[in-house]
Amino acid sequence: MTIYNLYIFDRHCACIFFTSWNRRALPGIAIDGANGGDPASAAAVAAAAAGSGSPGAPAQGGMVASYGGDISLEEEAKLVYGVVFSLRNLVKKLSVKSDGFISYRTNVYRLHYFETASGLKFVVNTDPGVENLSDALRMIYSQIYVEYITKNPLATFDEPITNELFRNNLNNFVKNLPGFER
């Protein structure tokens, strides 16, 4: 089982943080960036064909990688947000539960979703065999994001996260999750 990547979107739909751990190339997608491609990119490409999307994202260190000229990480973030936004609204209309949309699974990947009361959205893409990570996403928010971003007097909100302590603690936390494969 594998954890592929994490996106954090602010309340204005902009991707303020992205990191990946186990990106691998898919057939038909050329990799120009250092991180490689992952199955979640296939969802982004499929969403592009459907025309979904919203404001987007710098990659790690503000770098934008290109996927064979087809899709950049910025575009991928827009498409992922578009998919999440559409599914969240659909589930909100159809569901009577207050939980709403927390994840969905395809035969290639699973997308996990957590939204805070302040409008931050945490999205993790994993292998389809990984169980629900909603508790892990809550812990990332409450123990890592709040500690290293919210309580940091030098942090500016609604801008990309560049805090190395945040990144290091997040990496340590994710690498210790049961679904993480080295």
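This text follows the structure it describes.
Here is a short report on the structure shown in this document. Note that residues are indexed from 1 along each chain, following the sequence as it is written. Only residues with pLDDT of at least 70 get local features here, since the model is predicted, and only at 80 or more are side-chain atom pairs given and counted; chain-wide, interface and lining totals rely on the full set of residues. Hydrogens and water molecules were not included; the side-chain quantities draw on all heavy atoms of the structure.

Quick word on the nonpolar core
Stage number 1. Ile8, Phe166, Leu170 and Val174 are the most contacted members of the largest nonpolar core, which has 25 residues in total.
Stage number 2. Those elements giving two or more residues to this core turn out to be β1 (3-9), β2 (15-20), β7 (121-126), α3 (134-150) and α4 (164-175).
Stage number 3. Per-element tally for this core: the top contributor is α3, with six residues.
Stage number 4. Only buried Ala, Val, Leu, Ile, Met, Phe, Trp, Tyr and Cys residues count toward a nonpolar core, and they belong to the same one when joined by side-chain atoms within 4.5 Å. A simple rule labels every residue: compare its accessible area, found with a 1.4 Å probe on the protein chains alone, to the largest value its type can have, and call it buried under 20%, exposed over 50%, or partly exposed in between. With 17 residues, the next largest nonpolar core counts Phe9, Cys15, Phe18 and Phe101 among its residues. Strands are runs of DSSP state E lasting at least two residues, helices are runs of H or I lasting at least four, and both sets are numbered from the N terminus onward.

Quick look at α3
Stage number 1. Between the first and last residue of a helix there are one fewer steps than residues, each counted as 1.5 Å, and that sum is the expected span. Under the 1.5 Å per step criterion, the end-to-end length of α3 is only 20 Å for 17 residues, more than 12% shorter than the ideal 24 Å.
Stage number 2. Largest kink in α3: about 35 degrees, centred on Ile144.
Stage number 3. Of the positions making up α3, those classed as buried are Ser134, Ala136, Leu137, Ile140, Ile144, Tyr145, Val146 and Ile149.
Stage number 4. Two residues qualify as a contact provided that any one of their heavy atoms is within 4.5 Å of a heavy atom in the partner residue. Those residues of α3 hidden inside the fold are in contact with β1, β2, β6 (110-115), β7 and α4. One fitted axis covers the seven residues ending at a residue, a second covers the seven starting there, and the bend at that residue is the angle between these axes.

Comments concerning empty space enclosed by the protein
Stage number 1. Both site types are read off a 1 Å grid over the protein atoms alone. A 1.4 Å probe that fits but cannot get out defines a cavity, while an open set with protein on both sides within 12 Å along at least five of seven lines defines a pocket; lining residues have an atom within 4 Å of a point. Grid points are joined across faces, edges and corners, and a volume is the space filled by probe spheres set on the points. Overall, the coordinates contain two cavities of 30 Å³ or more when judged by the stated rule.
Stage number 2. Computed from the structure, the largest cavity encloses a volume of approximately 50 Å³.
Stage number 3. What lines the largest cavity is Ile3, Leu6, Trp21, Val124, Leu133, Ala136, Leu137, Ile140, Leu170, Val174 and Leu177.
Stage number 4. Breaking the lining of the largest cavity down by element, the ones donating at least two residues are β1, α3 and α4.
Stage number 5. By residue number, the principal contributor to the lining of the largest cavity is α3, which donates three residues.
Stage number 6. The classification used treats Ala, Val, Leu, Ile, Met, Phe, Trp, Tyr, Cys and Pro as nonpolar, Asp, Glu, Lys and Arg as charged, and all other residues, Gly among them, as polar. Looking at the lining of the largest cavity residue by residue, the class counts come to eleven nonpolar, no polar and no charged.

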